[in-house]
Amino acid sequence: MVIADDFSNATAVQLRAEKVEPLGGNTLKVVFSNVNTVELAEVLGDSSAVKLGAEIVGSANGSDAVVWQFNIQIRNRREDNTQPTGVQGNFYTKSET
């Protein structure tokens, strides 16, 4: 999966998924290991958010079988100085209980 401000192969994408894994049914798990890229920072600039295009390509036997293209909004949180609160001790989420 890639996220970019254009669909040109001649330019760099803003984000590229490390892995797209089918979980069954109609569910995909998309893993982005690096969302702090120069390309994303450049397209965000001073804007509070930008709308980018996203594309997932599924292939079978070496050729493209399915292509999904959709828009996605990316919010700019680079100026936020707050720190997330760490979880203390034996904390369980609702799904874990």
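Up top is the structure these notes are about.
The paragraphs below set out a description of the structure included in this document. As the structure is a computational prediction, the values presented were derived from the model and not from experiment. Along each chain, numbering runs from 1 in the same order as the chain's sequence is written. For this predicted model, a pLDDT threshold of at least 70 governs which residues receive local features, and a threshold of 80 or more governs which side-chain atom pairs are given and counted, while totals over whole chains, interfaces and linings are taken from all residues. Note: side-chain values were computed over all heavy atoms of the structure, leaving out hydrogens and water.

**A look at the sheet that holds strand S6 (residues 63–75)**
Here is step 1 of the chain: With respect to topology, 4 strands assemble into an open sheet ordered S2-S1-S5-S6, the strand pairing being antiparallel. This sheet does not close on itself; its edge strands, each paired only once, are strand S2 (15–16) and S6.
Here is step 2 of the chain: When DSSP locates at least two bridges between a pair of strands, those strands are taken to pair. Comment: elements are numbered from the N terminus, with helices defined as DSSP H or I runs of at least four residues and strands as E runs of at least two. Here strand S1 (residues 2–4) runs beside S2; their pairing, made up of 2 bridges, is antiparallel. Bridge assignment links Val-2 to a residue of S2, and that residue is Arg-16.

**Concerning the side chain of Thr-37**
Here is step 1 of the chain: The topology assignment puts Thr-37 in the loop between strand S4 (27–31) and helix H1 (38–44).
Here is step 2 of the chain: A polar contact of 3.0 Å, which involves the side chain of Thr-37, links it to the backbone nitrogen of Leu-40.
Here is step 3 of the chain: Discounting chain neighbours no more than four positions away, the residues touching Thr-37 are Gln-14 and Leu-15. Counted as a polar contact is a pair of N or O atoms within 3.5 Å, where, for protein atoms, one must be capable of donating a hydrogen and the other of accepting one, and residues adjacent in sequence contribute only when both atoms are in side chains. Any two residues having at least one pair of non-hydrogen atoms within 4.5 Å are treated as being in contact.

**Points about the layout of surface pockets**
Here is step 1 of the chain: Approximately 270 Å³ is the volume found for the largest pocket.
Here is step 2 of the chain: A pocket, in this scheme, is an open set of points on a 1 Å grid over the protein atoms alone with protein on both sides within 12 Å along at least 5 of 7 lines, while a cavity is a set where a 1.4 Å probe fits but cannot get out; residues line either one if an atom lies within 4 Å of a point. Lining the largest pocket we find 15 residues, and of these Val-2, Ser-8, Asn-9, Val-13 and Glu-55 sit closest to its centre.
Here is step 3 of the chain: When residues of the lining of the largest pocket are traced back to their parent elements, those giving at least two are S1 and strand S5 (49–60).
Here is step 4 of the chain: Counting residues per element, the lining of the largest pocket draws most heavily on S5, at 3 residues. Grid points are joined across faces, edges and corners, and a volume is the space filled by probe spheres set on the points.

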